[in-house]
Amino acid sequence: MKSKIGYKLVIALVLFSSLITLITTALQLYIDYRVDIKRVNNYETLIRKSYLESITTSVWLYDDKQIKTQLHGILHLPDMERIQIHSDEGTNWSVGSIKSKNNLTKEFSLIYDHKGDDTNIGIMRTVIGLDSIYTRLLKKTFTILLSNAIKIFLVAGFTLLIFQYLLTRHLYSLSSWLKNIDIGRSFDKFYLDRTISKSNKTDE
């Protein structure tokens with residue numbers, strides 16, 4: 001009886017712990033993915049607030065050196081792969097190169113305020129690589145899976161030991177005692193091998 005109940009309990013705990021490990025790992029990876037995507041999407045706001053106006057002015061003045069300096073500044077953002085400007089006059093500037101198969105493209109209109117009139121002088125495109133995000137998540141998968149598995153299996157193992165100490169060993173003792181009972185003869189009383197509570201409160 002002991003091995004049968006223990007075997008079933010171990011199998012149940014292993015299966016349940018494995019399921020919880022997979023669920024918590026998937027949830028954590030999904031949260032990390034959403035954080036990275038949110039960071040990438042926030043680049044649009046950052047570029048509009050911090051770079052777009054100065055770049056537009058540089059394009060209006062055809063300040064080639066300043067334009068390249070500004071584009072390289074944007075290129076230093078994590079996962080940014082390429083920035084390209086197409087002016088309406090036919091002049092193009094670009095830095096970086098596209099390396100990812102999966103990427104996100106953002107477009108920004110370059111509108112210059114000339115004597116109170118808004119003039120569209122070109123467009124800027126940024127390409128953000130997503131492959132590096134996927135690669136980082138893939139590398140983190142094993143670490144997260146292992147750490148979650150260790151924590152969950154330690155809890156499951158501790159639960160199993162407590163269950164064995166509080167219940168299973170008593171069931172085994174009771175089973176052995178019942179097997180040796182001869183109804184026609186006198187028999188010893190059954191006693192649990194346990195510490196009696198000082199509060200004198202009984203349990204199951």
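Coordinates for the structure precede this section.
Caption draft 1: Layout of the side chain of Thr 126. Along the chain, the position of Thr 126 falls in strand 4 (residues 117-129). Filtering out sequence-adjacent residues up to four positions away, Thr 126 remains in contact with Ile 47, Met 80, Arg 82, Ile 83, Leu 104, Thr 105, Lys 106 and Phe 108.

Caption draft 2: Structural context of helix 2 (residues 52-61). Along helix 2, the positions that sit buried rather than exposed are Leu 52, Ile 55, Thr 56, Ser 58 and Val 59. Viewed end-on, helix 2 has its buried residues packed into an arc of 165 degrees, placing them on one side of the element. Relative to its buried face, helix 2 has exposed residues pointing more than 90 degrees away, namely Glu 53 and Leu 61. In the stretch just after helix 2, Tyr 62 is the one whose phi turns positive, near 55 degrees.

Caption draft 3: Local environment of the pairing of strand 2 (residues 92-96). As judged from the five bridges shared by strand 1 (residues 80-87) and strand 2, these two strands associate in the antiparallel manner. Bridged to Arg 82 within strand 2 is Gly 96. In this antiparallel pair of consecutive strands, strand 1 and strand 2, the connection spans four residues, and Gly 90 shows a positive phi of 95 degrees.

Caption draft 4: Quick look at the side chain of Asp 79. Relative to the helices and strands, Asp 79 is located in the loop between helix 3 (64-75) and strand 1. Looking at Asp 79, its side chain comes within polar contact range of the side chain of Arg 39, at 2.8 Å. Side-chain polar atoms of Asp 79 contact the side chain of Ser 132, separated by 2.5 Å. The contact partners of Asp 79, leaving out residues within four places of it in the chain, are Arg 39, Val 127, Ile 128, Gly 129, Ser 132, Ile 133 and Arg 136.

Caption draft 5: Highlighting the sheet that holds strand 2. Read across the sheet, four strands follow the order 2-1-4-3 without closing on themselves; strand pairing throughout is antiparallel. Two strands in the sheet have a free side with no partner beyond their single neighbour: strand 2 and strand 3 (103-114). Strand after strand, the sheet turns through a mean of 15 degrees between neighbouring axes, direction not considered. Bridge analysis of strand 1 against strand 4 gives seven bridges, and the strand direction is antiparallel. Its bridge partner lying in strand 4, Arg 82 is registered against Val 127.

Caption draft 6: Just the nonpolar core, in detail. Counting residues in each nonpolar core, the largest one holds 28 residues, and the members touching the most others are Leu 71, Met 80, Ile 85 and Met 124. Looking at this core element by element, the count peaks at five residues for helix 1 (residues 2-50). Excluding residues within four positions of it along the chain, Met 124 makes contact with Ile 47, Leu 52, Ile 55, Leu 71, Ile 74, Ile 83, Gln 84, Ile 85, Lys 106, Glu 107, Phe 108 and Leu 110.

Caption draft 7: The arrangement of the environment of Val 10 in detail. Mapping Val 10 onto the fold places it in helix 1. Remark: the alpha-carbon pair of Val 10 and Gly 129, spanning 119 residues in sequence, is separated by 45 Å.

Caption draft 8: Seen up close, the packing of helix 2 against helix 3. Where helix 2 meets helix 3, the closest approach of the two axes is 9 Å, and the angle between their N-to-C directions is 155 degrees. As the angle between them shows, helix 2 and helix 3 are arranged roughly antiparallel. Classified by chirality, the crossing of helix 3 by helix 2 is left-handed. Contact residues: helix 2 offers Ser 54, Ile 55, Ser 58 and Val 59, while helix 3 offers Gln 66, Ile 67, Gln 70, Leu 71 and Ile 74. Taken together, the residues of the contact of helix 2 with helix 3 sort by class into five nonpolar, four polar and no charged.

Caption draft 9: Inspection of the packing of aromatic side chains at higher detail. Going through the model one piece at a time under the given rule, you end up with three aromatic pairs. Seen in terms of ring centroids, Tyr 33 and Tyr 134 are 6.3 Å apart; in terms of plane orientation they differ by 25 degrees. Their pairing is stacked. One end of the pair, Tyr 33, is in helix 1; the other, Tyr 134, is in helix 4 (residues 131-179), with 101 residues separating them in the sequence. With 6.1 Å between their ring centres and 50 degrees between their planes, Tyr 62 and Trp 93 make a pair best called tilted. Here Tyr 62, found in the loop between helix 2 and helix 3, pairs with Trp 93, found in strand 2; they are 31 residues apart in sequence, far enough to count as distant.

Rules of the game
- Sequence order sets the numbering: in each chain, residues are counted from 1 along the sequence as written.
- Per-residue local features of the predicted model are confined to residues with pLDDT of at least 70, and side-chain atom pairs are confined, for both listing and counting, to 80 or more; whole-chain, interface and lining totals are unaffected and use all residues.
- The basis for every side-chain value is the complete set of heavy atoms in the structure, and neither hydrogens nor water enter the calculation.
- The secondary structure listing takes helices from DSSP runs of H or I that are at least 4 residues long and strands from runs of E that are at least 2 residues long, numbered from the N terminus.
- Between two residues, a contact is recorded if the distance between any of their heavy atoms is within 4.5 Å.
- Under the scheme applied here, a residue whose accessible area is under 20% of the maximum for its type counts as buried, over 50% as exposed, and between as partly exposed, the area being computed with a 1.4 Å probe on protein chains only.
- What the arc describes is the spread of directions from the helix axis to the C-beta atoms.
- In this description, strands pair whenever DSSP reports at least two bridges between them.
- Distance and chemistry together define a polar contact, namely a pair of N or O atoms within 3.5 Å, with one atom able to donate a hydrogen and the other to accept it when in protein, and with adjacent residues in sequence counting only for side-chain atoms on both sides.
- Comment: axis = line fitted to C-alpha atoms, over the contacting stretch for helices; angle = value between 0 and 180 degrees taken between N-to-C directions.
- The set of buried Ala, Val, Leu, Ile, Met, Phe, Trp, Tyr and Cys residues whose side-chain atoms join them within 4.5 Å is what this entry labels a nonpolar core.
- Relative orientations are named as follows: roughly parallel for angles under 35 degrees, roughly antiparallel for angles over 145 degrees, roughly perpendicular for angles from 65 to 115 degrees, and oblique for any other angle.
- By definition, any crossing whose near helix is turned counterclockwise from its far helix by less than a right angle is left-handed, and any crossing with a clockwise turn is right-handed.
- Each residue gets one of three labels, nonpolar for Ala, Val, Leu, Ile, Met, Phe, Trp, Tyr, Cys and Pro, charged for Asp, Glu, Lys and Arg, and polar for the others, Gly among them.
- Pairing of aromatic rings covers Phe, Tyr and Trp, the last counted by its six-membered ring, and requires centre-to-centre distances within 6.5 Å; plane angles under 30 degrees mean stacked, over 60 mean edge-to-face, and any other angle means tilted.

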